[in-house]
Amino acid sequence: MKSGLMFVKLVNPCSGEGTIYLFDLCLQQLFEIKVFKEKHHSWFIDQSVQSGGLLHFATPMDPLFLLLHYLRKADKEGKFQPLDQVVLDDTFPNCILLLRLPDLEKLLQHVTEEKEVDKKKYYKYSKEKTIKWLGKKVQQTVSALKTNNVNVSARVQATAFFSGDPFSSDKEEDYVCYAHGLISDYIPKELSDDLAKYLKLPEPSVPLPSPPSKKVKVSDEPIEAKEDYTKFNRKDLKTEKKNSKMTAAQKALAKVDKSGMKSIDSFFATKNKK
């Protein structure tokens, strides 16, 4: 730890798995770490080239997203509890650092019901307040996207399969859909679905099922022929050919008197040596 900076592993509010975060103990601020990685990337350091070239970004993060994980978990007990009994985690013990962050009580007002007994405050998760707070987060994100002239319509249609003209200009609905997707990276899927309903977003279109294959079904049972192909091996096949229809020229040739005429085969017969 240098200059009050501390890397800690905390629960990811979306996946529930462990993720590395950065605490600035001097500024009392939480940062998330984003990694930029390319397949072919290196750094020039002094007179050498170092492979890897990973680039890490530390961006400020609202700690309320992480606190939501513990508030929703404690809500299963259905009672008000002090915050130090809610934010407990044997797997990620550094979660207690979240309690050091400033203005924590003001933040909790957005997602909890609050009671005070003997000058001690107790909290209980409020789904209604949380959805409204997340809705405001989406609107703030929409404003930031518009201010920075970020084109979102093509991204929304590509990632969420929403119907519409892929070449249309950005619509308000596209901004809201895209902002909802960004916020959903910090909340569980169940909460993301509830937020989408609150924002009245259209449901993603279901992709059409692929047509059935036209390949012949292969069966383990022996295939029986439906037609008797052995008829072509019978001797009477020649007779059938003779009885077939003849052309006019063939009929005229058949009427010619062939007595005294040599067979054409006799002209090609081998002569006997004397």
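Residue numbers here run from 1 along each chain, matching the order of that chain's written sequence. Since the coordinates come from a predicted model, pLDDT governs what is reported: local features require at least 70, and pairs of side-chain atoms require 80 or more to be given and counted, while whole-chain, interface and lining totals use all residues. Hydrogens and water are ignored here; the side-chain numbers use all heavy atoms of the structure.

Outline the overall build of the protein, supporting the account with residue identities and numerical values.
The way it works is that DSSP assigns letters per residue, a run of H or I at least four long becomes a helix, a run of E at least two long becomes a strand, and they are numbered from the N terminus. Counting its regular elements, the protein contains nine helices and eight strands. Partly exposed residues are those whose accessible area sits between 20% and 50% of the maximum for their type, while under 20% is buried and over 50% is exposed, using a 1.4 Å probe and protein chains only. Burial statistics for the protein: of 274 residues in total, 28% are counted as buried. The contact criterion used is simple: two residues touch if any of their non-hydrogen atoms lie within 4.5 Å. Considering only contacts in the protein between residues 6 or more positions apart, those separated by 24 or more positions represent 52%. Carbon and sulfur atoms provide 55% of the accessible area of the protein, an area that totals close to 21300 Å². Each accessible area is a Shrake-Rupley estimate made with a 1.4 Å probe; only the visible protein chains count as cover when residues are assessed.

Give me the nonpolar core: which residues, what numbers.
Grouped together as the largest cluster of nonpolar side chains are 47 residues, with contacts concentrated most on Phe 23, Phe 65, Leu 108, Leu 134 and Val 138. Here the element with the most residues in this core is helix H1 (residues 64–74); it accounts for eight residues. As used in this record, nonpolar core signifies buried Ala, Val, Leu, Ile, Met, Phe, Trp, Tyr and Cys residues forming a set joined through side-chain atoms within 4.5 Å.

Account for the packing of aromatic side chains, naming residues and giving values.
Paired rings are identified among Phe, Tyr and Trp, the last through its six-membered ring, by centres lying within 6.5 Å, and are further divided according to the angle between planes into stacked (under 30 degrees), edge-to-face (over 60) and tilted (the rest). All chains considered together, the criterion is met by two aromatic pairs. Ring geometry for Phe 65 and Trp 133: centres 5.2 Å apart, planes at 50 degrees, overall tilted. Highlighted residues: Phe 65 in helix H1 and Trp 133 in helix H4 (residues 127–147), separated in sequence by 68 residues. Here the two residues Phe 65 and Trp 133 agree in accessibility, since each one is buried. Ring geometry for Phe 65 against Tyr 186: centres 5.4 Å apart, planes inclined by 35 degrees, an arrangement best described as tilted. Of the two residues, Phe 65 is situated in helix H1 and Tyr 186 in the loop between helix H6 (172–184) and helix H7 (189–198); the sequence distance between them amounts to 121 residues.

Can you lay out the packing of H4 against H6 for me, pointing to particular residues and giving the numbers?
H6 packs onto H4 with a crossing angle of 115 degrees between their chain directions and a minimal axis gap of 8 Å. Between H4 and H6 lies a crossing of right-handed hand. Residue-level inspection shows Leu 134, Lys 137, Val 138, Thr 141, Val 142, Leu 145 and Lys 146 of H4 in contact with H6, the latter providing Glu 172, Tyr 175, Val 176, Tyr 178, Ala 179, His 180, Leu 182 and Ile 183. Across the contact of H4 with H6, the residue classes break down as 10 nonpolar, two polar and three charged. Angles run from 0 to 180 degrees between N-to-C directions of axes, and those axes are lines fitted to C-alpha atoms, restricted for helices to the stretch in contact. In this scheme the handedness of a crossing depends on how the near helix is turned from the far one: anticlockwise by less than a right angle means left-handed, clockwise means right-handed. In this classification, the charged set is Asp, Glu, Lys and Arg, the nonpolar set is Ala, Val, Leu, Ile, Met, Phe, Trp, Tyr, Cys and Pro, and all remaining amino acids, among them Gly, are polar.

Talk me through the side chain of Ser 192; I want residue IDs and the actual numbers.
With respect to the secondary-structure elements, Ser 192 resides in helix H7. The exposure class assigned to Ser 192 is buried, which follows from its relative accessible area of 8%. Not counting chain neighbours up to four residues away, the residues in contact with Ser 192 comprise His 180, Ser 184 and Ile 187.

Report on the environment of Asp 193, specifying residues and quantitative values.
For Asp 193, the position within the fold is in helix H7. For the pair Asp 193 and Glu 203, spaced 10 residues apart in sequence, the C-alpha separation works out to 9.9 Å.

Requested: an account of the environment of Leu 182, with residues and values cited.
Structurally, Leu 182 is set in helix H6. Of the residues examined, Leu 182 reaches a relative accessible area of 32% and is grouped as partly exposed. Considered as a pair, Leu 182 and Val 138 are 44 residues apart in the sequence and their alpha carbons are 8.4 Å apart.

Break down the sheet that holds strand E2 (residues 18–24) for me, with residues and values.
In any sheet, the strands associate via hydrogen bonds between backbone groups, in a parallel or an antiparallel arrangement. We call two strands paired when DSSP finds no fewer than two bridges between them. Pairing is antiparallel in the open sheet, where four strands are placed in the order E1-E2-E3-E6. Of all the strands in the sheet, the pair left with one neighbour each is strand E1 (5–11) and strand E6 (55–60). Neighbour-to-neighbour, the strand axes of this sheet turn through a mean angle of 40 degrees, independent of strand direction. Both strand E3 (residues 29–36) and E6 contribute to a ladder of six bridges, which runs antiparallel. Bridging from a neighbouring strand, Phe 36 pairs with Leu 55 of E6. Strand contacts of H1: E1, E2 and E3, with the helix running at about 35 degrees to E1, the strand carrying the most contacts.

Break down H6 for me, citing the residues and quoting the values.
Each full turn of the α-helix corresponds to 3.6 residues, which orients residues three or four apart in the same direction. Expected helix span is computed as 1.5 Å times (number of residues minus one). Across its 13 residues, H6 extends 18 Å between first and last C-alpha, which sits within 8% of the 18 Å expected from 1.5 Å per residue. Of the positions making up H6, those classed as buried are Asp 174, Tyr 175, Val 176, Cys 177, Ala 179, His 180, Ile 183 and Ser 184.

Residues and numbers for the pattern of salt bridges, please.
A side-chain nitrogen of Lys or Arg and a carboxyl oxygen of Asp or Glu constitute a salt bridge if their distance falls within 4 Å. Tallied over the entire structure, the rule returns 11 salt bridges. Across the pair Lys 124 and Asp 75 runs a salt bridge whose closest N-O atoms are separated by 3.3 Å. Of this pair, Lys 124 sits in strand E8 (residues 120–125) while Asp 75 sits in the loop between H1 and helix H2 (83–86); the two residues are 49 residues apart in sequence, bridging distant segments of the chain. Residues joined by salt bridges that share partners form a network here, namely Glu 105, Glu 114 and Lys 121.

Which residues make up the confidence of the model for the protein, and what values do they have?
The quantity called pLDDT is the predictor's confidence in a given residue, expressed from 0 to 100. Predicted confidence across the protein gives a mean pLDDT of 79, with 67% of residues reaching 70 or more. pLDDT under 50 marks residues 222–226. Its contacts with residues more than four places away, or in other chains, come to zero contacts.

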